[in-house]
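# A structural walkthrough
Residue-level listing of the chains:
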Amino acid sequence: MYRITDPERSRAFYQALGMESRRDFDIVRDEAVEATNYFFGFPGQDEELELTYNHDGRAYELGTAYGHIAIGVDDLDETLARLKKQGIAPEREPYRVRDGGSRLAFVRDPDQYRVELIEHR
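Let us look at the structure shown here. Note that the structure is predicted; figures quoted are calculated from it, not measured.

### Remarks on the sheet that holds strand 4 (residues 49–54)
In space, the four strands of this open sheet follow the order 1-4-3-2, with mixed pairing throughout. Two strands close off the open sheet at either side, each with one partner strand: strand 1 (2–4) and strand 2 (20–29). Strand-to-strand twist in this sheet, taken as the mean axis angle between neighbours without regard to direction, amounts to 30°. Both strand 2 and strand 3 (residues 32–41) contribute to a ladder of nine bridges, which runs antiparallel.

Written out as structure tokens, the structure is:
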């Protein structure tokens, strides 16, 4: 789980990555909506990413403990071309961290969280 600042922008970003919006629900305290949790996952997989939007308008810093999440893709070039049409660009051109390793690239979500796209080998 991590916190977001604009649910609709985040929804569009994660759906552009191929995730489906599975459900969302409000957290109510003292008859007021305090936060909303949004759950996303890839079709056919059980794993989920939970995004939380706190309705009090507070801002967040990424912190130094967060690294990134990684998503496997079949065709990195096709994925990046599809994302580019939606205004999502990689931080830099695809690369390999070692000889013979998988190609990868990083994109950032609307709250600047890093997402690694790594090509299946």
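### Observations regarding the sheet that holds strand 5 (residues 69–73)
Read from one edge of the open sheet, four strands run 5-8-7-6, paired in mixed fashion. Each end of this open sheet is capped by a strand with a single partner; those strands are strand 5 and strand 6 (95–96). In terms of strand pairing, strand 7 (residues 103–108) meets strand 8 (residues 114–119) through five bridges, oriented antiparallel. Looking across to strand 8, one finds that L104 is bridged to I118.

### Let's talk about the pairing of strand 4
Burial runs high along strand 4: five of the six residues are buried. Here strand 1 runs beside strand 4; their pairing, made up of three bridges, is parallel. The partner of R3 across the bridge, within strand 4, is T52. In the sheet, strand 3 pairs with strand 4 via six bridges, with the strands oriented antiparallel.

### What to know about the pattern of salt bridges
Here the structure, examined in full by the defined rule, presents twelve salt bridges. The residue R82 makes a salt bridge to E78 at a minimum N-O spacing of 3.6 Å. Pair noted here: R82 and E78 are both in helix 2 (residues 76–84), with a separation of four residues, about one helical turn. For E78, a relative accessible area of 40% puts it in the partly exposed group.

### Quick notes on unusual backbone geometry
Phi angles above zero are rare outside glycine, and D30 is one such case at about 55°. Examined against the element boundaries, D30 turns out to sit in the loop between strand 2 and strand 3. Residues other than glycine seldom take positive phi values, yet E31 does so here, at roughly 65°. With respect to the helices, strands and loops of the structure, E31 is situated in the loop between strand 2 and strand 3.

Reading guide: rules and limits
- Throughout this document, residue positions are counted from 1 along each chain, in the order its sequence is written.
- A pLDDT threshold of at least 70 governs which residues receive local features in this predicted model, and a stricter bar of 80 or more applies before side-chain atom pairs are shown or counted, although totals over entire chains, interfaces and linings include all residues.
- In computing side-chain properties, one takes all heavy atoms of the structure into account and sets aside hydrogens as well as water.
- Here, a strand pair is defined by DSSP locating no fewer than two bridges between the strands.
- Secondary structure elements follow DSSP: runs of H or I no shorter than four residues count as helices, runs of E no shorter than two count as strands, and numbering proceeds from the N terminus.
- Convention adopted: a line fitted to C-alpha atoms gives each axis, helices being fitted over their contacting stretch, and angles between N-to-C directions are expressed from 0 to 180 degrees.
- Think of it in three bands: with a 1.4 Å probe and only protein chains considered, a residue is buried below 20% of the maximum accessible area for its type, exposed above 50%, and partly exposed in between.
- Here a salt bridge means any side-chain nitrogen of Lys or Arg lying within 4 Å of a carboxyl oxygen belonging to Asp or Glu.

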